[in-house]
Amino acid sequence: MVEFIKKNKKLYNLSNWQGGKTSEVYIYPENTEYKKRNFEFRFSYASVELAESTFTLLKGFNRILIPTKQGITLLNNSKRHNLKLEESFYFNGGEQTTSIGKSEDVNLIYQPQWHASMQVMKESSKIFSTAEFVGIFSLNGSNEVLVDQERVKLLEKEFLLIKNFSMEKLLLEFSLDNNNRIVIFKLKKGKAYG
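Residues numbered from 1 in each chain as written. Predicted model: local features only at pLDDT ≥ 70, side-chain atom pairs only at ≥ 80, totals over all residues. Heavy atoms only, no water.

**A short note on the overall build of the protein chain**
What counts here: Only DSSP runs of H or I covering at least 4 residues are called helices, and only runs of E covering at least 2 are called strands; the numbering of each starts at the N terminus. Atoms counted for the radius of gyration: C-alpha only. Globule rule: 2.2 Å times residue count to the power 0.38. When checking whether two residues touch, look at their non-hydrogen atoms; a contact exists if any pair is within 4.5 Å. Accessible surface is estimated by sampling points in the Shrake-Rupley manner with a 1.4 Å probe; for residues, cover comes only from the protein chains shown. The charge count treats Lys and Arg as positive and Asp and Glu as negative. His and the chain ends do not count. For the purpose of locating charges, the reference atoms are NZ of Lys, CZ of Arg, CG of Asp and CD of Glu.
Helix and strand content of the protein chain: zero helices and 19 strands. Relative to its length of 194 residues, the protein chain is compact, with a C-alpha radius of gyration of 16 Å against a globular reference of 16 Å. In terms of overall dimensions, the protein chain has a C-alpha envelope of 45 × 35 × 30 Å along the principal axes. Relative to all contacts within the protein chain whose residues are 6 or more apart in sequence, the contacts with residues 24 or more apart total 70%. Carbon and sulfur atoms make up 46% of the accessible area of the protein chain, which amounts to about 9,700 Å² in all. Each charge class in the protein chain can be summarised by its mean position, and for the 28 positive and 22 negative side chains these summaries are 4 Å apart.

**Re the sheet that holds strand E15 (residues 143–147)**
Formally: Only strands that DSSP links by at least two bridges are regarded as paired with each other. Lines are fitted to the C-alpha atoms to define the axes, a helix being fitted only along its stretch in contact, and any angle between axes, read from their N-to-C directions, falls within 0 to 180 degrees.
The four strands lie next to each other as E13-E18-E15-E16, forming an open sheet whose pairing is antiparallel. Among the strands making up the open sheet, the edge pair consists of strand E13 (125–129) and strand E16 (150–154). When strand polarity is set aside, the average angle formed by the axes of neighbouring strands in this sheet is 20°.

**Re the sheet that holds strand E6 (residues 62–67)**
Strand order in the open sheet formed by six strands is E2-E3-E4-E11-E6-E9, with antiparallel pairing between adjacent strands. Pairing within the sheet leaves two strands with one partner each, and these edge strands are strand E2 (13–17) and strand E9 (89–92). Each strand axis lies, on average, 25° off the axis of its neighbour in the sheet, ignoring direction.

**Quick word on the nonpolar core**
Defined as follows: Buried Ala, Val, Leu, Ile, Met, Phe, Trp, Tyr and Cys residues that are joined via side-chain atoms within 4.5 Å together make up what is termed a nonpolar core. When a residue's accessible area, from a 1.4 Å probe over protein chains only, is under 20% of the maximum for its type it is buried; when over 50% it is exposed; and in between it is partly exposed.
Grouped together as the largest cluster of nonpolar side chains are 25 residues, with contacts concentrated most on Phe 41, Phe 43, Leu 108 and Phe 137. Put simply, the parts of the chain that give this core at least two residues each are strand E3 (20–28), strand E4 (41–48), E6, strand E11 (103–110), strand E12 (114–121), strand E14 (133–138), strand E17 (159–163) and strand E19 (182–189). No other element matches E12, which puts four residues into this core. Apart from the residues lying within four places of it in its own chain, the contact partners of Phe 43 are Ser 23, Glu 24, Val 25, Tyr 26, Val 106, Asn 107, Leu 108, Met 118, Phe 137, Phe 159, Val 183 and Phe 185. Counting residues in hydrophobic clusters, the runner-up holds 16 residues, among them Val 145, Ile 162, Leu 170 and Leu 176.

**A closer look at unusual backbone geometry**
The amide bond that connects Tyr 28 to the next residue, Pro 29, takes the cis arrangement and shows omega of -10°. One non-glycine residue, Arg 37, lies in the positive phi region at around 60°. Looking at the secondary structure, you find Arg 37 in the loop between E3 and E4. The class of Arg 37 is partly exposed, set by a relative accessible area of 30%. Positive phi values are uncommon outside glycine, yet Asn 179 reaches one of about 65°. Mapped onto the secondary structure, Asn 179 falls in the loop between strand E18 (170–175) and E19. Given the relative accessible area of 71%, Asn 179 is considered exposed.

**Some points on the side chain of Lys 7**
Put simply, the test is: Note on definitions: salt bridges are taken to be side-chain nitrogens of Lys or Arg within 4 Å of carboxyl oxygens of Asp or Glu.
Mapped onto the elements of the fold, Lys 7 is located in strand E1 (residues 3–7). Lacking a salt bridge, the buried Lys 7 has Glu 24 as its closest oppositely charged neighbour, with an N-O distance of 6.5 Å. With sequence-adjacent residues up to four places away left out, Lys 7 is seen in contact with Tyr 12, Val 25, Tyr 26, Glu 158 and Phe 159.

**Looking at the pattern of salt bridges**
Counted under the stated rule, the structure contains ten salt bridges. A salt bridge links Lys 6 to Glu 158; the nearest nitrogen and oxygen atoms lie 3.8 Å apart. Of this pair, Lys 6 sits in strand E1 while Glu 158 sits in the loop between E16 and E17, placing them 152 residues apart in sequence. Judged by relative accessible area, Glu 158 falls into the buried class, the value being 12%. We note a salt bridge from Lys 122 to Glu 86, for which the minimum N-O separation is 3.0 Å. Of this pair, Lys 122 sits in the loop between E12 and E13 while Glu 86 sits in the loop between strand E8 (79–83) and E9; the two residues are 36 residues apart in sequence, bridging distant segments of the chain.

Structure below.
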């Protein structure tokens, strides 16, 4: 059975971090807290408002970060990574990471028992997925998602989570207009995501 959760930015948990502001879009399980580190995964978007800032250490978690406003430079374990706009960067949350450059980003933090992917989509397309969780976040504009004949409209900064615990093969169709962009992430326990 497939379950849908749709949220808008009025329902997000807004907070400050050392380099700017972050909006927690979704955390799983839903009764967990980021500060207690008792969650399995968390999706958020954030602003990086300082020219240089150090990320919070998250030992025991992996992370995927995508800059969504402009590219940034990350210093991760003393290695320099020049990230282009919309480029995914996977890293260990327990590693010292510093960001250079102002931007905005999306961030998926997850425990290692999960296999995860995250990407920005800019064109209408179709994909199949057997992931346990699929998250779809509208970066801008008005976008439509069709999930096995169920049509959902997402406005700017709205979010759709698809819970697919039976790991059915789902067909996801995205209709994007005029330079609109969405972020899609997938999580699956134990095996590679699909």
